[in-house]
Amino acid sequence: MSAPPHRSGPAIHDLASRIRRLPASCGPVRLIGVDGHAGSGKSTFAGRLARALGGAPVLHLDDIASHDELFDWTGRLLEQVIAPFARGEAAHYAPYDWRTRRFGPPRVLPPAPVVLVEGVGAGRRALRPHLALLLWMDLPCAQAWARGRGRDGEEQREFWEGWVRAERRHFAGDPSRPFADLLVRQRQEGYEVLQGPA
C-alpha cells in the first residue's frame, strides 16, 4: 500500500532542500524567519516546513513577546537566543504564558543546523543580519486579521483591537515584507513560494 501524499506539497520540500544548502547565518545555525500579519498562517506553515526539514526546531515569537511587550522584545531575543547561537551554544529562554501573564520555566533550544523563528516581527531590522532566509506569508492584513479574529473568538475581541493598532505601528516603522527573500502564498492545496522583493 502506497503512503498518502504529504499535505505540504512539493513547494515546501523544494524550499527545505534550498534551506539545507544555505550557509549558516548565526554561529552554526541557519536561522530562518517566518514573518507575516497575525492570522496569516505562519505557525501552520512553519510546522510543515519544520517537518520537511526532518524536525527542525521552531521558536514561536509568541513565547518571547508578552502583554506588556507586544513588540518590545528584541533585546530579550538577542540576549537569550541570538547571542548564544552566535557562540555555538544552546539558547535558554522563558516562554510567556498568555493566560497567566507570566514567563514560565526556562526552555532549552539547541543550536540545530536549521532553526525557524516564527511570528510577527521575525523579519525586523534587528534580526535580519542573523537570518539565512526571510519568508513572508503573503496574505493581506485585512484577510489575515479577519482569520485570526475568527480563530480566537469573541473573548479575544478587545485584545485584537489593541493588537491591530500595535501591529500597524510596528510595520509602519520597521517593515519586513520589502526585505523578504521569498513570499509564501497558501493555495487550496499546499503552498506557492515566489521570489520576494529582496
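Look above for the structure.
So, here is what we can say about the structure in this document. (Residues numbered from 1 in each chain as written. Predicted model: local features only at pLDDT ≥ 70, side-chain atom pairs only at ≥ 80, totals over all residues. Heavy atoms only, no water.)

**Some words on the nonpolar core**
Keep this limit in mind: Here, nonpolar core means buried Ala, Val, Leu, Ile, Met, Phe, Trp, Tyr and Cys residues that are tied together by side-chain atoms lying within 4.5 Å of each other. Each residue is placed in one exposure class: buried if its accessible area under a 1.4 Å probe, protein chains only, is under 20% of its type's maximum, exposed if it is over 50%, and partly exposed if it falls in between. Numbering goes from the N terminus for both helices and strands, where a helix is a DSSP run of H or I of at least four residues and a strand is a run of E of at least two. Whether two residues are in contact is decided by their heavy atoms: any pair within 4.5 Å suffices.
Membership of the largest hydrophobic core comes to 35 residues, with the highest contact counts inside it found for L31, L59, W73, L77, V81, F85 and L109. Listed by contribution, the elements that provide at least two residues to this core are α3 (74-86), β3 (91-93), β7 (114-118), β8 (133-137) and α5 (157-173). For this core, the element with the most residues is α5, which contributes five residues. In this structure W73 touches L61, I64, A65, V120, G121, R124 and L127, once residues within four positions along its chain are discounted. In this structure, L15, A56, M137 and L182 belong to the second largest nonpolar core, which totals 23 residues.

**Comments concerning the side chain of E118**
As a reminder of what qualifies: Only four residue types enter the charge count: Lys and Arg as positive, Asp and Glu as negative, with His and the chain ends excluded. A pairing counts as a salt bridge when a side-chain nitrogen of Lys or Arg comes within 4 Å of a carboxyl oxygen of Asp or Glu.
With respect to the helices, strands and loops of the structure, E118 is situated in strand β7. Buried charged residue E118 carries no salt bridge. Nearest counter-charge: K42, at 4.8 Å. Residue contacts for E118: discarding those within four places in its chain leaves V34, K42, S43, A46, V58, L59, H60 and L61.

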